[in-house]
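# Summary of the model geometry
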Amino acid sequence: MTHDQLTFQNPVTRYPKIQPPKQDQPEPGLDAELEPQTDHGEDTYRGTGRLQGRKALITGGDSGIGAAVAIAFAREGADVAIAYLPDEEKDARHVEELITKEGSKAVALPTDVSSAQNCKDLVEAAVDELGGLDILVNNAGKQIAQKSLEDISDEQFDETLKTNVYAMFWITKAALNHLEPGSSIINTTSVNAYLPSPTLVDYATTKGAINNFTKGLGQQLAPKGIRVNAIAPGPFWTPLQVSDGQPKEKLPEFGTQTPLGRAGQPTELAPAYVFLASSESSYVIGETLNVNGGMPTP
Ligand code: NAD
Ligand code: MG
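Below: a short report on this structure. (Residues numbered from 1 in each chain as written. Chains lettered and ligands numbered in written order. Predicted model: local features only at pLDDT ≥ 70, side-chain atom pairs only at ≥ 80, totals over all residues. Heavy atoms only, no water.)

## Details of the side chain of Lys142
- Note that Lys142 resides in the loop between strand S4 (135–138) and helix H4 (154–175).
- At 2.9 Å, the side chain of Lys142 forms a polar contact with the side chain of Glu27.
- Ignoring sequence-local partners within four residues, the contact set of Lys142 consists of Glu27, Glu159, Thr160, Thr163, Asn164 and Tyr203. (Helix = DSSP H or I, 4+ residues; strand = E, 2+ residues; numbered from the N terminus. Polar contact = N/O pair within 3.5 Å; in protein donor to acceptor, adjacent residues only side chain to side chain. Contact = heavy atoms within 4.5 Å.)

## Concerning the packing of aromatic side chains
- Here the structure, examined in full by the defined rule, presents two aromatic pairs.
- Between Tyr166 and Trp170 the ring centres are 5.4 Å apart and the planes differ by 65°, which places this aromatic pair in the edge-to-face class. Of this pair, Tyr166 and Trp170 both sit in helix H4, four residues apart, which is roughly one turn of the helix.
- On the accessibility criterion, Tyr166 (39% relative accessible area) is partly exposed.
- Seen from their ring centres, Trp237 and Phe254 are 5.7 Å apart, and the 55° between their planes marks the pair as tilted. Taken together, the positions of Trp237 in the loop between strand S6 (227–233) and helix H6 (270–277) and Phe254 in the loop between S6 and H6 put the pair 17 residues apart, joining distant regions of the chain. The pair formed by Trp237 and Phe254 is uniform in burial state, with each residue classed as buried.
- In this arrangement the basic side chain of Lys162 is found over the ring face of Tyr166, its NZ or CZ atom lying 5.7 Å from the centre. (Phe/Tyr/Trp six-rings, centres within 6.5 Å; stacked < 30°, edge-to-face > 60°. Buried < 20%, exposed > 50% of the residue type's maximum accessible area, 1.4 Å probe, protein only. Lys NZ or Arg CZ within 6 Å of the ring centre and 35° of its normal.)

## A closer look at the coordination of the magnesium ion (ligand 2)
- Looking at the magnesium ion (ligand 2), the protein donor atoms are Asp62 (OD), Ser63 (OG) and Glu88 (OE), and they sit 2.1 to 2.2 Å from it.
- Written as a sequence motif, the donor residues of the magnesium ion (ligand 2) are D-S-x24-E.
- Residue classification places Asp62 among the buried residues on the basis of a relative accessible area of 2%.
- The class for Ser63 is buried, based on a relative accessible area of 11%. (Donors = N, O, S within 2.8 Å, 3.2 Å for Na, K, Ca; no water.)

## Focus on the pattern of salt bridges
- Using the criterion set out here, one finds 14 salt bridges in the structure.
- Glu280 is the salt-bridge partner of Arg50, the closest N and O atoms lying 2.5 Å from each other. With Arg50 in the segment before strand S1 (55–59) and Glu280 in the loop between H6 and strand S7 (288–291), this residue pair connects regions lying 230 residues apart in the sequence.
- For Arg50, a relative accessible area of 30% puts it in the partly exposed group.
- Residues Glu268 and Arg262 are paired through a salt bridge, measuring 2.8 Å at the closest nitrogen-oxygen approach.
- A residue is classified by how much of its surface remains accessible, and Arg262, at 4% relative accessible area, is buried. (Salt bridge = Lys/Arg side-chain N within 4 Å of Asp/Glu carboxyl O.)

## Remarks on helix H5 (residues 201–221)
- Here H5 is 21 residues long and its end C-alpha atoms lie 30 Å apart, about the 30 Å a rise of 1.5 Å per residue gives.
- On its buried face, H5 sits against H4, strand S5 (184–188), S6 and S7. (Expected span 1.5 Å × (residues − 1).)

## Some remarks on the site of ligand 1
- Neighbouring ligand 1 are 29 residues; Ser63, Ile65, Glu88, Tyr203 and Thr238 lie closest to it.
- Glu88 places a polar side-chain atom, nitrogen or oxygen, 2.5 Å from an oxygen atom of ligand 1.
- A distance of 2.8 Å is found between an oxygen atom of ligand 1 and a backbone nitrogen or oxygen belonging to Asn139.
- For ligand 1, whose free accessible area comes to 800 Å², the fraction covered by protein is 96%.
- Residue classes in the shell around ligand 1 are distributed as 12 nonpolar, 13 polar and four charged. (Near = heavy atom within 4 Å. Areas by Shrake-Rupley, 256 points an atom, 1.4 Å probe, with all protein chains shown as cover. Nonpolar A, V, L, I, M, F, W, Y, C, P; charged D, E, K, R; others polar.)

## What to know about the sheet that holds strand S3 (residues 106–110)
- Across the sheet, seven strands lie side by side as S3-S2-S1-S4-S5-S6-S7; this open sheet has parallel pairing. Looking at which strands have only one partner, the edges of the open sheet turn out to be S3 and S7. Each neighbouring strand pair of the sheet contributes to a mean axis angle of 15°, computed without reference to strand direction.
- Strand direction decides the pairing type here: S5 and S6, joined by five bridges, are parallel. (Pairing = 2+ DSSP bridges. Axes fitted to C-alpha atoms, helices over the stretch in contact; angles between N-to-C directions.)

## A closer look at the nonpolar core
- Residues Phe73, Val80, Ile231 and Tyr273 are the most contacted members of the largest nonpolar core, which totals 31 residues.
- Contributions of two or more residues to this core are made by S1, helix H1 (64–75), strand S2 (79–84), helix H2 (89–101), S4 and H6.
- Per element, the largest residue contribution to this core is seven residues, and it comes from H1.
- Apart from the residues lying within four places of it in its own chain, the contact partners of Ile231 are Ile186, Asn187, Thr188, Thr189, Ser190, Leu269, Ala272, Tyr273, Leu276, Thr288, Leu289 and Val291.
- Listed in part, the 25 residues of the second largest apolar core include Ala81, Ala83, Cys119 and Leu136. (Core = buried A, V, L, I, M, F, W, Y, C linked by side-chain atoms within 4.5 Å.)

Okay, structure coming up:
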C-alpha cells in the first residue's frame with residue numbers, strides 16, 4: 001500500500017492487523033530487526049511545506065515514533081537533529097539518509113540522555129550544528145514490563161524516571177536558552193498516563209508526570225510565545241515493545257484491544273507532531289493530543 005496520509009482511506013483497513021511473532025531484542029531494540037517491519041512513512045508521507053526553514057531536535061529520532069516524526073519534519077522543510085543511543089547507529093543511519101534525501105540537514109547525535117551533563121551537551125551540539133533550535137521533541141523513552149512491583153529493581157525505577165522525566169527536564173531547560181517566540185516543545189506521553197497497564201507501573205508513572213509537566217510549563221511559557229504540548233500514543237508497533245516493553249506472550253495480540261482493532265504504525269502519528277510544531281496550532285497550548293485508535297481518555 002503506498003497511499004499518502006492525505007488520501008481518503010478507511011482507518012480500520014489502512015494498515016493490516018498485525019500478529020507479531022514472539023521475539024526478543026536487547027534494549028534499546030532496532031527497527032532494522034523488528035518483525036514485521038513497521039511503517040515510518042518512508043514511501044508515503046507527503047510534505048506540504050509546513051515547517052520550512054525550521055530547526056528540530058528529536059530525542060529517540062532513530063526508530064519508531066521518533067523516526068516517523070523526523071522523516072515527516074524533513075519532508076515539511078525542517079532541518080533535523082536526532083538523538084539516540086550509540087547501539088542504534090544502524091537505525092539512525094537509515095533516518096539520516098532519508099532526511100538528507102529531502103535536501104534538509106540531518107544531524108546525528110548519539111548520547112545517553114539519562115545524565116544531566118549529556119543532555120546539556122546534546123542541546124548545545126544540536127544548536128551548533130543546526131544554527132539554532134525552534135522545535136524540541138522529547139520522545140526518548142524507557143519501558144520495561146514487570147509482573148509485580150517487587151520485580152521492579154531500584155535501578156530500573158531510577159533509569160525509567162531518568163530517561164522519561166529527568167531528561168525531558170534537563171533538555172528543555174537547556175533548550176530554553178535558545179528557543180525564540182514561535183518555538184514549539186512537544187513531549188511524548190502515552191495512553192498509560194490514563195490507563196496504566198498493571199505491568200508498567202514505573203513507566204505509567206512517568207507518563208502521568210509528562211502530562212502534568214506539559215500543562216504547567218505550557219502556561220509558564222505561553223506569554224513568551226513558546227508553546228508546550230504533548231502527544232499520547234496508544235499501541236504503536238515499534239522496537240520498544242520487543243525489548244521487554246511488553247510481556248512476550250502479549251506480542252501477538254498487540255494493539256487489538258483498540259476500537260480500530262489494530263496496532264498503529266508510527267507514520268500515523270507524524271501528522272500530529274507536525275500540527276503541534278507548526279504555527280497552524282498557534283492557539284493550542286498544554287494540550288495532550290491522543291492518537292490511540294479510539295481508546296477513551298479524560
Ligand atoms: P523506540 O524504541 O523506537 O524509541 C525509543 C527511543 O528512546 C529509542 O530509539 C532510543 O533512542 C531512545 N532512548 C531510550 N533510552 C535512552 C537513553 N538512555 N538515552 C538516549 N536515548 C534513549 O520506541 P517508540 O515506541 O517509538 O518510543 C518513542 C516514545 O513513544 C517513548 O517515549 C515511548 O514511551 C512513547 N510511546 C510509545 C508507545 C508505543 O506503543 N510504541 C505508546 C505510547 C508512548
Ligand atoms: Mg531506537
